[in-house]
Amino acid sequence: MSQTTQDSNEAIYRAFERLLEDEQLSPPLAAILALTELIVGSNAGTMFELVEALKAAAEVLKKRSSNPISLNAGCELFIAFVTLFPHESDSFAELKTELVQQGRRYAAEAISFRDKIAESTLGFIKDDSVILTHSYSRVVMKALLHAHKTKRISVYVTEARPRGLGLKTYEALTAVGIPCTVVLDSAVAYVMDRVDFVLVGSEAVVESGGLVNAVGSNQIAIIAKAANKPFYALAESYKFHRLFPLSQYDLPTHNPDILSLPSLPQRGSGTDSTPSSPALRATDGSPPSKTAVSSARLTMTAEQIARNPGVDYTRPDLISLVFSDVGVLTPEGVSQYLVGMFAG
Amino acid sequence: MSPGPSLPVQPPNGPQPNGEPSSGPRSQKSMTKAERRELQERQRAAKAAKPTAAPGAPNAKQAAKSNQPTAAPKKGPDSGAAAAAKTPKDAKAATAVASEGVAGKAHGLRIFSHFGLPKPVSAAKGDIHPAVVRLALQFSNFKITGANARCIATLTAFKTVIQDYATPPNNTLSRHLMTHLSPQISHLVAARPMSVTMGNAIRQLKLEISGSDIDLPEQDAKDALCQKIDNYIRDRIIIADQVIEETAGNKIKDGDVVLTYARSSVVEKVLLGAHSEGRQFSVIIVDSRPMLEGKRLLSVLSSAGIQCTYLLLPALGSVISEVSTVFLGAHSIHSNGAVYARAGTALVAMLAKQHSVPVVVCCETYKFSEGVQLDSFTKNELAPVGDLFSSFPLTKPREALTLHKGPNLEILNPLYDLTPPTSITAVVTEVGVIPPNSISSIPLALGRLL
């Protein structure tokens, strides 16, 4: 890789990180703004060069991000927008300026998408509702705070291990006076009968109408379906993605390390050849006869956590409605919107 | 529905007295369904017994049309023939009987008698182009099968017809050509019911013909039409298949076990394409009689070097737990997302769904049918009886494997069935991967492309 390319890659990644520091901006929006900045600094002479540069930058961001799906959605949206932008202006420089303006305007407007979504959610929240939510989501927070102004709500939030973002939700809600309780991830089925409906945010809403979100969302959706409770997903339109995962293992975030079983040495003679890999030590409830397990860890090691997925895929038949700034859609409606927008 | 007290007819057991209801003519409304059928059959037997010249024919008919599986009143062999078609279909069945006579075709079927029974190709009525005659013979002998193959063959034959066509004086090509093509199309349909692909292509062709410029010299107009036909084949079939090959191929990962059913030309291309990309996967081909099309797919894939397993449909349950993905082709896809494909496809899809195996249907957009179909009965096609299809060497003599009609045996071979959209995970088309419920948004997407 030439020096200039490396520099520009660094530059874009730094821009991206800087933008992420703003709490309001989610990764896709930050990506869009970072790509906008790239256009400002780009010396491409034709549309083709510009799109190539944008695609390369998007690749860089994707590779260095731990959670590329929502980022991908934002990048693809912006690149599609740039490609389809009508070329009325004669000079390319003018076109670039126009694109940059549009990009910035979109990002500014996108912040207001959350308000729109909060407003449409309000109609579905009755007084005295008990809501279950998962992990931390900016758009869900906005919806709950908005509802709190006019209605009484109480919220259960899951802990959302391993990142534990549920506690962040708990802090934020308690601070404004919404009664909130943190629920263990494993106690979702226990609490489901008490809940009126489930409200989750999203990393991405995919072409099938399904949802990609922090791991645990699929579980909650299945339990909600079994208990006949509505499951609502809130997603801004820039999170709509043309991805179509056929199953959990078809997600781009899935790799062979996730859920891999350790290859252990052969079981030799007797019990004292119990391998001492950390995988066994912590999960082994009954201590092996000879090896002393005095300090049995009761929390997962980082290596064990790395074997677990960060996001999961919820099938469209488990989702009742998707609330977005383009309207309140059924999962089928999402794919119709995507086909209409991206095809052709 | 209880029988009237005065009617001597006893369903389903006792032998019927050869006669009419004793208490005078009763209105048909007050009879039960069984009784109405009785009456009709007796009337038809009486009619059939009179004009038929060959004495053997009515007996053959009677012998062929005896005891039906459902709760029709059983008759003694002397009480006349008992064609058991439902009331509104009796007329059709009667004429079918009359025309086929001793040939013994499936005229006695209760169900599926409402769609095309395979008929021998009649002599060409009117001025049928030899290319079309040849094609019709190929269709009726199942030498050309598969939605794509039939459509391409039809369009190619029509190109010849158009080139050989001469506009009669005082007529314009754009108006007369269509009337010239209509009998050709009917001849093809008489050989085998039209596929949805042929229908869509012909509809597009008619549009092009009616839109062709009146002022163009004839040869130019004909060349333009042939060019349009070539473009249609190229864009909607060949290139569409390439896009599908790439998109669906991305869904195949190293180590996958892919299952497919019978032989779909698109799925064959997808698997060969993925293999040439270097992906390591194995294929399970599920096949079924009587067509045994999977054997051809097996030979193509194994000569390409793909590891294949071949089994028949009843054995599917034993292997389904090993399968990663199911790839299926389609004859057509309806706007509610239901897939109309080779008989047996629905079973494969439903079983896969039960075992949480993703079902991917590969289908070009020109196979899209505007209608909604809810079951396999309303529209289907029967295959002719006999072992026309399997041209591969058999382990047992052909006669032992071929079923023949007997006095108590009717053979039923529907060629297609309907897979409900709930059993399908994704449909891969050239405009992208789409969930089955959103198929109706394809014309919207296509409207932008065309």
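The shown structure was predicted, so the numbers you read here are calculated from the model rather than taken from an experiment. (Residues numbered from 1 in each chain as written. Chains lettered and ligands numbered in written order. Predicted model: local features only at pLDDT ≥ 70, side-chain atom pairs only at ≥ 80, totals over all residues. Heavy atoms only, no water.)

Residues and elements named next belong to chain A. Overall, mixed pairing links the seven strands, which are arranged β3-β2-β1-β4-β7-β9-β10 in an open sheet. The two strands at the open ends of the sheet, each matched to only one other strand, are β3 (180-183) and β10 (327-329). If you compare each strand with its neighbour and ignore which way they point, the axes differ by 25° on average. Both strand β2 (residues 153-158) and β3 contribute to a ladder of four bridges, which runs parallel. Each bridged residue has a counterpart across the sheet, and for Val155 the counterpart in β3 is Cys180. The strands touched by helix α5 (residues 92-122) are β4 (197-200), β7 (231-234), β9 (321-324) and β10; relative to β9, the strand with the most contacts, the crossing angle is about 135°. (Pairing = 2+ DSSP bridges. Helix = DSSP H or I, 4+ residues; strand = E, 2+ residues; numbered from the N terminus. Axes fitted to C-alpha atoms, helices over the stretch in contact; angles between N-to-C directions. Contact = heavy atoms within 4.5 Å.)

In this section: the packing of helix α2 (residues 27-41) of chain A against α5(A). Residues and elements named next belong to chain A. Their axes nearest at 9 Å, the elements α2 and α5 cross at an angle of 160°. Comparing their axes, α5 and α2 come out roughly antiparallel. In this structure, α2 crosses over α5, and the sense of that crossing is left-handed. Residues Leu29, Ile32, Leu33, Thr36, Ile39 and Val40 of α2 form the contact with α5, whose own contacting residues are Lys96, Leu99, Val100, Gly103, Arg104, Tyr106, Ala107, Ala110 and Ile111. Broken down by class, the residue content of the contact of α2 with α5 amounts to 11 nonpolar, two polar and two charged. (Parallel < 35°, antiparallel > 145°, perpendicular 65-115°, else oblique. Left-handed = near helix turned anticlockwise from the far one by under 90°. Nonpolar A, V, L, I, M, F, W, Y, C, P; charged D, E, K, R; others polar.)

What follows is about the confidence of the model for chain A. For chain A, the mean per-residue pLDDT works out to 84, and 89% of the residues sit at or above 70. With pLDDT under 50 throughout, residues 270-292 of chain A is counted as low confidence; its partners more than four residues away or in other chains account for 20 contacts. (pLDDT = per-residue confidence, 0-100.)

A few words on the sheet that holds strand β3 (residues 307-312) of chain B. All names here are of chain B. The strand order β3-β2-β1-β4-β7-β10-β11 describes an open sheet built from seven strands, whose pairing is mixed. Among the strands making up the open sheet, the edge pair consists of β3 and β11 (432-434). Looking at each pair of strands side by side, their axes are set apart by 25° on average, direction ignored. In terms of strand pairing, strand β7 (residues 359-362) meets strand β10 (residues 426-429) through three bridges, oriented parallel. Note on β10: the bridge partner recorded for Val360 is Ala426. Packing against the sheet, helix α9 (residues 265-276) makes contact with β1 (256-261), β2 (281-287), β4 (325-328) and β7, and its axis sits at approximately 165° to β2.

All names here are of chain A. Taken as a whole, this structure holds 23 salt bridges over all chains when the rule is applied. A salt bridge links Arg242 to Glu207; the shortest N-O distance between them is 3.0 Å. In this pair, Arg242 sits in the loop between β7 and α10 (278-283) while Glu207 sits in the loop between β5 (204-205) and β6 (211-214), placing the two residues 35 residues apart along the sequence. Between Arg315 and Asp317 there is a salt bridge, with the nearest N and O atoms lying 2.9 Å from each other. (Salt bridge = Lys/Arg side-chain N within 4 Å of Asp/Glu carboxyl O.)

Another point: the packing of aromatic side chains. Under the counting rule described, the total for this entry stands at 11 aromatic pairs over all chains. Each ring, one from A:Tyr232 and one from A:Phe323, has its centre 5.3 Å from the other, and the planes form 85°; the classification is edge-to-face. Linking A:Tyr232 in strand β7 with A:Phe323 in strand β9, this pair joins segments that are 91 residues apart in sequence. Considered together, A:Tyr232 and A:Phe323 belong to a single accessibility category, that of buried residues. The aromatic ring of A:Tyr136 is capped on one face by A:Lys168, whose charged end is 4.3 Å from the ring centroid. Over the face of the ring belonging to B:Tyr340 we find B:Lys379, whose NZ or CZ atom lies 4.5 Å from the ring centre. (Phe/Tyr/Trp six-rings, centres within 6.5 Å; stacked < 30°, edge-to-face > 60°. Buried < 20%, exposed > 50% of the residue type's maximum accessible area, 1.4 Å probe, protein only. Lys NZ or Arg CZ within 6 Å of the ring centre and 35° of its normal.)

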